[in-house]
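# Residue-level structural notes
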Amino acid sequence: MAYSQFRYPVTLSLEHRPCVLVGGGKVAVRKARPLLEAGASLTVIAPVLNPGFPTLKEEWPSLLLLERPYRAGDLKGAFLVIAATDNRAINEAVANEARGENSLLNVVDDPEAGTFSVPGSYAAGQVRFSVSTGGNPRFTHLLLADLAARYGADIGAFAAYLDIQRDEAKRLFPDSDTRRKFWRAILTDNLLEELRAGRLDQVKERISNEIDRCRAKS
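Each chain has its residues counted from 1, following the order in which its sequence is written. For this predicted model, a pLDDT threshold of at least 70 governs which residues receive local features, and a threshold of 80 or more governs which side-chain atom pairs are given and counted, while totals over whole chains, interfaces and linings are taken from all residues. Hydrogens and waters are ignored; side-chain quantities use all the structure's heavy atoms.

What follows is about the pairing of strand 6 (residues 120-124). A pair of strands is labelled paired if DSSP reports no fewer than 2 bridges between them. Each helix is a run of H or I in the DSSP string that is no shorter than four residues. Each strand is a run of E no shorter than two, and both are numbered from the N terminus. Two elements, strand 6 and strand 7 (residues 127-131), share five bridges in a ladder whose sense is antiparallel. Bridge assignment links Ser121 to a residue of strand 7, and that residue is Ser130. A loop of two residues connects strand 6 with strand 7, the two strands running antiparallel in sequence, and Gly125 in this loop sits at a positive phi of about 65°.

In terms of nonpolar packing, the biggest core is built from 26 residues, with Phe129, Ile155, Phe158, Phe182 and Ile207 touching the most fellow members. Among the secondary structure elements, those contributing two or more residues to this core are strand 6, strand 7, helix 4 (137-151), helix 5 (154-172), helix 6 (176-186), helix 7 (189-196) and helix 8 (200-217). Take this core: its biggest share by element is seven residues, from helix 5. Contacts between residues were defined by any pair of non-hydrogen atoms, one from each residue, lying within 4.5 Å. When neighbours within four sequence positions are excluded, Phe158 is seen to be in contact with Leu187, Leu191, Leu195, Leu200, Val203 and Ile207. In these notes, a set of buried Ala, Val, Leu, Ile, Met, Phe, Trp, Tyr and Cys residues joined through side-chain atoms within 4.5 Å is what counts as a nonpolar core. Relative accessible area decides the class of each residue, using a 1.4 Å probe on protein chains only: under 20% of the type maximum gives buried, over 50% gives exposed, and in between gives partly exposed.

Right, let's get into the pairing of strand 2 (residues 41-45). Along strand 2, four of the five residues are buried, which leaves the element largely enclosed by surrounding structure. Handedness of a crossover is defined as follows: orient the strands so they point away from the viewer, and if the path from the first strand over the helix to the second runs clockwise, the crossover is right-handed. Since strand 1 (residues 18-22) and strand 2 lie parallel, the crossover through helix 1 (residues 26-37) that links them has a hand, and here it is right-handed. For strand 2 and strand 3 (residues 64-66), the ladder comprises three bridges, and the chain directions are parallel. Paired with Val44 across the two strands is Leu65, which belongs to strand 3.

One pair of aromatic rings is described through two measures. These are the centre distance and the angle between the planes. Any Phe, Tyr or Trp ring, taking Trp's six-membered ring, that has another such ring centre within 6.5 Å forms a pair; planes under 30 degrees apart are called stacked, those over 60 apart edge-to-face, and the others tilted. Under the defined criterion, the tally for this structure stands at five aromatic pairs. Centre to centre, the rings of Phe182 and Trp183 are 5.1 Å apart; their planes meet at 75°, and the pair counts as edge-to-face. With a relative accessible area of 14%, Trp183 lands in the buried category. A connected cluster of aromatic rings, assembled from ring pairs, spans Tyr122, Phe129 and Tyr151.

By definition here, a helix of n residues has an expected span of 1.5 Å times n minus one. The terminal C-alpha atoms of helix 3 (residues 88-100) lie 18 Å apart, and with 13 residues this matches the ideal 18 Å at 1.5 Å per residue to within 8%. In this structure, the buried residues of helix 3 make contact with strand 1, strand 4 (80-83) and strand 5 (104-107). Two or three places before Ala89, at the start of helix 3, stands the capping residue Asn87, its side-chain oxygen 3.0 Å from that residue's backbone nitrogen. A positive backbone phi angle near 55° is found at Asn102, which sits one or two residues after helix 3. What qualifies as a polar contact is a pair of N or O atoms within 3.5 Å, subject to a donor-acceptor requirement within protein and to the restriction that residues adjacent in sequence count only when both atoms come from side chains.

It is worth spelling out the pattern of salt bridges at this point. Basic side-chain nitrogens of Lys or Arg form a salt bridge, by our definition, when they fall within 4 Å of a carboxyl oxygen of Asp or Glu. This model, assessed by the stated rule, comprises 11 salt bridges. For Arg171, the salt bridge is made with Glu168, and the minimal N-O distance between the two is 2.7 Å. Within this pair, Arg171 and its partner Glu168 are both found in helix 5, separated by three residues, close to a single helical turn. Exposure remark for Arg171: the relative accessible area of 59% places this residue in the exposed category. For Glu168, a relative accessible area of 15% corresponds to the buried category.

In this section: a negative patch on the surface. On the surface, Glu92, Asp109, Asp110 and Glu112 cluster together to form a negatively charged patch. Tracing the backbone through its elements, the reader meets Glu112 in the loop between strand 5 and strand 6. Residues enter patches when they are more than 30% accessible in relative terms and free of salt bridges; like-charged ones are connected within 9 Å and nonpolar ones (Val, Leu, Ile, Met, Phe, Trp, Tyr) within 5 Å. Surface accessibility follows the Shrake-Rupley procedure with a 1.4 Å probe radius. Residue values consider only the protein chains on display as shielding. His is not counted, nor are the chain ends; Lys and Arg add positive charge and Asp and Glu add negative charge. We put the charge of a Lys on NZ, of an Arg on CZ, of an Asp on CG and of a Glu on CD.

On to the layout of surface pockets, then. Within this scheme a cavity is a closed region of a 1 Å grid, computed over the protein atoms alone, that accommodates a 1.4 Å probe without allowing it to escape, whereas a pocket is open but has protein on both sides within 12 Å along at least five of seven lines; lining residues each have an atom within 4 Å of a point. Grid points are joined across faces, edges and corners, and a volume is the space filled by probe spheres set on the points. When its volume is computed, the largest pocket comes out at roughly 1900 Å³. What lines the largest pocket is a set of 45 residues, and nearest its centre among them are Lys31, Ser117, Val118, Pro119 and Gly120. In terms of residue count, the dominant contributor to the lining of the largest pocket is helix 1 (seven residues). Here the term charged refers only to Asp, Glu, Lys and Arg, the term nonpolar to Ala, Val, Leu, Ile, Met, Phe, Trp, Tyr, Cys and Pro, and the term polar to all other amino acids, Gly among them. Tallied by class, residues from the lining of the largest pocket come to 22 nonpolar, 16 polar and seven charged. Here the second largest pocket is characterised by a volume of approximately 310 Å³. A breakdown of the residues in the lining of the second largest pocket according to their chemical character gives 11 nonpolar, five polar and one charged.

This is the structure we're talking about:
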């Protein structure tokens, strides 16, 4: 049975970590944005840069753009490397150096030559759905579209609201087992169905009322 070699899902902390993206086309622009959004200290190297890169530079002034060919030594100290050129020989050279630096490596035109792949994702606020289908972009797109249609922006707003209520629950229930039982009783499949049905305000009110009830009893 065929399967992807990338079977261990993980999310990374890239805040201030040195990352290098070799390539300057449209694909490279798409790869750059999520790295910047994650807080990476990003360097992009390419002899010609897509017009999207100056726009990214305006949003993230820390972005370093080197408009020149890749050179051996460019990856020294890189935590993460993406080879995204349209030249297989250059991508191979980048991959070889990245392995020598023990950098996390993604090769866009040859994923199995790297050490990680980037799943398709859909974000709503602090909630992010990631989908990996083993290399079928169309199927990935369909699944992400389905998730976006099912949850929309409400799931992000609900997660932000829950963060506030979790802090309140910690004050009400110092004991972790009590808190766990409280949230298990409230966060149910039925509540999620109401959220999907567009009843965000009612769901929030139900949780707020339960918090208030517990506060009155304490």
